[in-house]
Amino acid sequence: MKPLPLELPLIQAPMAGAQDAGLALAVGEAGGLGSLPAAQLGPEALATELARLRAAGRPYNLNFFCHKPPTPDAVRQAAWVEALKPYYEELYLDAAQAEAGPGRQPFDAEVLARIAPFRPPVVSFHFGLPDEALLAPIRAWGGCILSSATTVEEARWLAARGVDGLIAQGLEAGGHRGMFLSDDLSTQLGSFALLPQIVRAAPLPVVAAGGIADAAGVAAARALGACAVQVGTAYLLCPEARISPLHRAALQAPEPGPTQLTRLFTGRPARGLVNRLMRELGPMSPLAPAFPLAPGALAPLRAAAEARGRSDFSPLWAGQNLSGCRAVPAGQLTRELAAGWGR
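Described in the following lines is the structure provided in the data block. Because the structure is a prediction, the values reported are computed rather than measured.

## Structural notes on the sheet that holds strand E9 (residues 228-231)
Taken together, eight strands build an open sheet; the order of strands is E1-E9-E8-E6-E5-E4-E3-E2 and the sheet is parallel. Looking at strand neighbours, the two that pair on one side only are strand E1 (10-12) and strand E2 (34-37), the edges of this open sheet. Looking at each pair of strands side by side, their axes are set apart by 25° on average, direction ignored. Pairing geometry for E2 and strand E3 (residues 60-65), over four bridges, is parallel. Counted as the bridge partner of Gly34 is Tyr60 from E3.

In structure tokens:
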């Protein structure tokens, strides 16, 4: 088991679509562990971002999904397009534009070969772990391996496969649920119910994630046995974040929220601000194709609506606790959060 390379006990959560290496660099400069979400990056973009991180000379976390790509289902795809057809007509679009995908690439041998020259110091995974053959080279170059656990059962499964640390992801967290042993949402617990159970069940460093947005939350996580915290939503309004103006405006509304779990945008449960699509189709509608095939049919609708200044079809990922979202530099926020560790 390798120790986590932490100067401050804080990891910036990898947030696909909401950041690039700039946010990770700002957090790292302040002493936190910056993260880069890599599941949606092509080969050139990934190499560019990794070069930026390596040049800074600080530890960083490179995050991947490790799902199994589904077999396309033409019948299910047709039903999904049919459900969206009224929106296409409303926006004067042709539903024939709707396509399956685009898919998020899971961690595989091809991706491993791309990152190996950079030897990222921390590699984290969502939705379980890839095969051991893909993990062995990371261990060989001294990389620290983390993965998300949303239940005690998942924590034990990961510990048995030799991870170096666990990210206990509470139900409050924004973005995708990391659940992988079951798709039963009734198994999902809040952060401060889940954290101490995982600490007791697995003899590994445990990072608390979900709903932590200020120094008091950091202090509470430490009191319950966390070795560090992972924070995402609180960074969304930082100038280094790369969210859209519509997403930023939604977070800055006088009374932002609520948030809800939905599978509409990707095919897998993820938490975001409630918008029109979630209200009208139902956030957990079974119509959405399997992960990660849902976004393709939504892409034309999203582009057309956003051009009109509307976020009706846009995923506005965010956790339940929006109180820590402030338009302050990421370095400042990192230091303020970490100050809670000493309380």
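Moving on, there is more to tell.
## A few points about the sheet that holds strand E11 (residues 270-273)
One key point about sheets: their strands pair by backbone hydrogen bonds, in either a parallel or an antiparallel sense. Spatial ordering of the open sheet is given by E7-E11-E10, a layout of three strands whose pairing is antiparallel. Either end of the sheet is taken by a strand with one partner, and the two such strands are strand E7 (175-176) and strand E10 (259-262). Pairing of E7 with E11, which is carried by two bridges, proceeds in the antiparallel orientation. Along E11, the bridge assignment pairs Gly175 with Arg271.

## Some details on empty space enclosed by the protein
Leftover empty space is mapped by rolling, across the atoms, a probe with the size of a water molecule. Taken as a whole, this structure holds one cavity of 30 Å³ or more when the rule is applied. When its volume is computed, the largest cavity comes out at roughly 50 Å³. If you trace the largest cavity, you find it lined by Ala38, Ala39, Leu41, Leu46, Phe64, Gln105, Val111 and Arg114. Its residues placed into classes, the lining of the largest cavity shows six nonpolar, one polar and one charged.

## Brief notes about the packing of aromatic side chains
Applying the stated rule across the entire model yields nine aromatic pairs. Geometrically, the ring pair formed by Phe127 and Phe291 is edge-to-face, given 5.5 Å between the ring centres and 70° between the ring planes. Of this pair, Phe127 sits in the loop between strand E4 (122-126) and helix H5 (132-140) while Phe291 sits in the loop between helix H10 (276-281) and helix H11 (295-307), placing them 164 residues apart in sequence. With a centroid separation of 5.9 Å and an interplanar angle of 90°, the aromatic rings of Phe265 and Trp317 are classed as edge-to-face. Note that Phe265 is positioned in the loop between E10 and E11 and Trp317 in the loop between H11 and helix H12 (330-338), a separation of 52 residues in sequence. An identical accessibility class is assigned to Phe265 and Trp317; each is buried. Ring pairing ties together the aromatic residues Phe64, Phe107 and Phe125, which thus form one cluster.

Procedures and definitions
- Residues numbered from 1 in each chain as written.
- Predicted model: local features only at pLDDT ≥ 70, side-chain atom pairs only at ≥ 80, totals over all residues.
- Heavy atoms only, no water.
- Pairing = 2+ DSSP bridges.
- Helix = DSSP H or I, 4+ residues; strand = E, 2+ residues; numbered from the N terminus.
- Axes fitted to C-alpha atoms, helices over the stretch in contact; angles between N-to-C directions.
- 1 Å grid on protein atoms, 1.4 Å probe; cavity = no way out; pocket = protein on both sides within 12 Å on 5 of 7 lines; lining within 4 Å.
- Points joined across faces, edges and corners; volume = space filled by probe spheres on them.
- Nonpolar A, V, L, I, M, F, W, Y, C, P; charged D, E, K, R; others polar.
- Phe/Tyr/Trp six-rings, centres within 6.5 Å; stacked < 30°, edge-to-face > 60°.
- Buried < 20%, exposed > 50% of the residue type's maximum accessible area, 1.4 Å probe, protein only.

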